[in-house]
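Reading the structure
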Amino acid sequence: MPKILDGAAIADAIKQEVAEEVRTLVAHGIRPGLAAVLVGNVAASEIYVRSKVQACAELGLYSDLITPPDTVTTEDMLDLIAALNARDDIDGILVQLPLPPQVDAKSLLDAIAPSKDVDGFHPISAGRLLAGRPALAPCTPAGVIEILKRSNLPIASQHAVVVGRSDIVGKPVAMLLLNNNATVTICHSKTRNLAELTRQADILVAAIGRPGFITPEMVKPGSTLIDVGINRLNTREEFDRFFAGNEKREAAFAKRGSVIVGDIHPKAFELSGAYTPVPGGVGLLTIAMLMANTVSAAKLRRGL
Ligand SMILES: NC(=O)c1ccc[n+]([C@@H]2O[C@H](COP(=O)([O-])OP(=O)(O)OC[C@H]3O[C@@H](n4cnc5c(N)ncnc54)[C@H](OP(=O)(O)O)[C@@H]3O)[C@@H](O)[C@H]2O)c1
């Protein structure tokens, strides 16, 4: 039977450690602080940001929720970032994406002080990661490494195949795996003979954004499958493609009218040695790692 890598339990353990560290810092007069910038009224973004602010409250971090209207200009946003960069009570700055089309997201992310870049998207953070220096790594990729390490799954000398090369998941997760001494292959939409490569993976990371893209024929039996994908299935036809006959999922679909599936086909998990379920796997680590990054940023900025 494959081992299910329980994202909730791992995220809880990380959050407890972060809360403990926050208590120690507060005892020394330092309360790590996160500024969360939420522009406009995108429903999904509101939910994400609310969860992040709530996590700060639970773990004892200070948070400041800033909500510019969706008519905001790039200039206004740059002024806001400059003010947050200068504030001593703010250790981490998070600008929730997506931003309205009139705002130049790249220039905003580049304007965040690298020392406060808790999302790890700044080119300087990416460069530090590449150079193997202490870095604020993007949260979801950092969560993948925590899952592997805390589940005592070896990384060093393993062949890790990452499918996806985005700046926020694929590239940084590949770099973190390399920094942990895996042999890493990065695949993307132009990769030839993809299945031949994925079948060689001891650790297969899927960050593609296509429901159930990695099928059973594409995985090596006994390997570790890390599924970063989050795809919503809204129709009965899509649902049946993955979950026909699955009573638990059927109940969820009847209740909500949709279910989530990852980038790895559920049938492929059955062949694995260990896997992260969707939901309940990698997705739950992202906020925990954001909290951990904010505490790291608070310490690094003060030379602790
Ligand atoms: N908190 C979380 O758990 C979390 C966080 C972030 C993202 N996600 C999820 O992770 C998934 C990936 O996100 P992302 O932001 O990295 O997506 P993205 O920016 O759209 O990147 C997708 C990557 O997949 C590659 N790809 C697409 N079709 C392919 C194919 N047929 N064969 C091989 N590679 C293919 C693309 O290749 P090219 O570069 O060649 O186009 C690209 O590099 C999404 O489902 C997203 O929702 C989850």
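First, a word on scope: everything that follows refers to the structure included in this document. This structure is a prediction, so every number in the text was calculated from the model and none was measured.

Observations concerning the site of the ligand
Looking at the ligand, there are 22 residues lining it, with R165, S166, S189, I230 and T286 nearest. Here T140 contributes a side-chain N or O atom positioned 3.4 Å from a nitrogen atom of the ligand. The contact in question runs from an oxygen atom of the ligand to an N or O atom on the backbone of V228, over 3.4 Å. Within the shell around the ligand, the residues separate by chemical class into nine nonpolar, 10 polar and three charged.

Some thoughts on the sheet that holds strand β1 (residues 3-4)
Spatial ordering of the open sheet is given by β1-β11-β8-β7-β5-β6, a layout of six strands whose pairing is parallel. A strand with exactly one partner marks an edge of an open sheet, and here the two such strands are β1 and β6 (183-187). Pairing geometry for strand β8 (residues 224-227) and strand β11 (residues 274-275), over two bridges, is parallel. Pairing of L225 across the sheet is with Y275, part of β11. Strands in contact with helix α7 (residues 170-179) are β5 (159-163), β6 and β7 (203-206); relative to β5, the strand with the most contacts, it is inclined by about 170 degrees.

Points about the pattern of salt bridges
In total, this model carries 14 salt bridges according to the counting rule given. The salt bridge partner of E20 is R23, with a shortest N-O separation of 3.0 Å. On the criterion of helical spacing, the pair formed by E20 and R23 is a turn pair, its members being three residues apart in helix α1 (residues 7-27). E20 sits in the partly exposed class, given a relative accessible area of 42%. By relative accessible area, which is 52% here, R23 ends up exposed. One salt bridge in this structure joins K299 and E21, with 2.3 Å as the shortest N-O distance. Placement of K299 in helix α12 (residues 285-301) and of E21 in helix α1 is noted, with a sequence separation of 278 residues between them.

Looking at the packing of α1 against helix α6 (residues 139-150)
Interhelical geometry of α1 versus α6 gives an angle of 100 degrees and a closest axis separation of 10 Å. By the angle class used here, α1 and α6 are roughly perpendicular. In contact with I10, A13, I14 and E17 of α1, α6 contributes E146, I147 and R150. By residue class, the composition of the contact of α1 with α6 is four nonpolar, no polar and three charged.

Focus: the pairing of strand β3 (residues 62-66)
With five bridges joining them, strand β2 (residues 33-37) and β3 adopt parallel strand pairing. Across the sheet, residue L34 finds its bridge partner in β3, namely S63. A crossover connection joins β2 to the parallel β3 through helix α2 (residues 43-59); in handedness this β-α-β unit is right-handed.

Digging into the environment of V18
Locating V18 in the fold gives a position in helix α1. V18 sits 43 residues away from L61 along the chain, and the two C-alpha atoms are 9.5 Å apart. If sequence neighbours within four positions are ignored, V18 has contacts with L59, L61, M291, A292 and V295.

Looking at the side chain of N293
Tracing the backbone shows N293 in helix α12. Sequence-distant contacts of N293, defined by excluding residues within four places in its chain, comprise V118, L136, A137 and C139.

Side note on the sheet that holds strand β4 (residues 92-95)
What the three strands build is an open sheet, ordered β3-β2-β4; its pairing is parallel. Edge positions in the sheet fall to β3 and β4, since each has one partner strand and no second. Taken pair by pair, the neighbouring strands of this sheet meet at an average axis angle of 15 degrees, ignoring direction. As paired elements, β2 and β4 share four bridges and run parallel to each other.

Here is what the cut-offs are and how they apply
- Residues numbered from 1 in each chain as written.
- Predicted model: local features only at pLDDT ≥ 70, side-chain atom pairs only at ≥ 80, totals over all residues.
- Heavy atoms only, no water.
- Near = heavy atom within 4 Å.
- Polar contact = N/O pair within 3.5 Å; in protein donor to acceptor, adjacent residues only side chain to side chain.
- Nonpolar A, V, L, I, M, F, W, Y, C, P; charged D, E, K, R; others polar.
- Pairing = 2+ DSSP bridges.
- Helix = DSSP H or I, 4+ residues; strand = E, 2+ residues; numbered from the N terminus.
- Contact = heavy atoms within 4.5 Å.
- Axes fitted to C-alpha atoms, helices over the stretch in contact; angles between N-to-C directions.
- Salt bridge = Lys/Arg side-chain N within 4 Å of Asp/Glu carboxyl O.
- Buried < 20%, exposed > 50% of the residue type's maximum accessible area, 1.4 Å probe, protein only.
- Parallel < 35°, antiparallel > 145°, perpendicular 65-115°, else oblique.
- Right-handed = clockwise from strand over helix to strand, strands pointing away.

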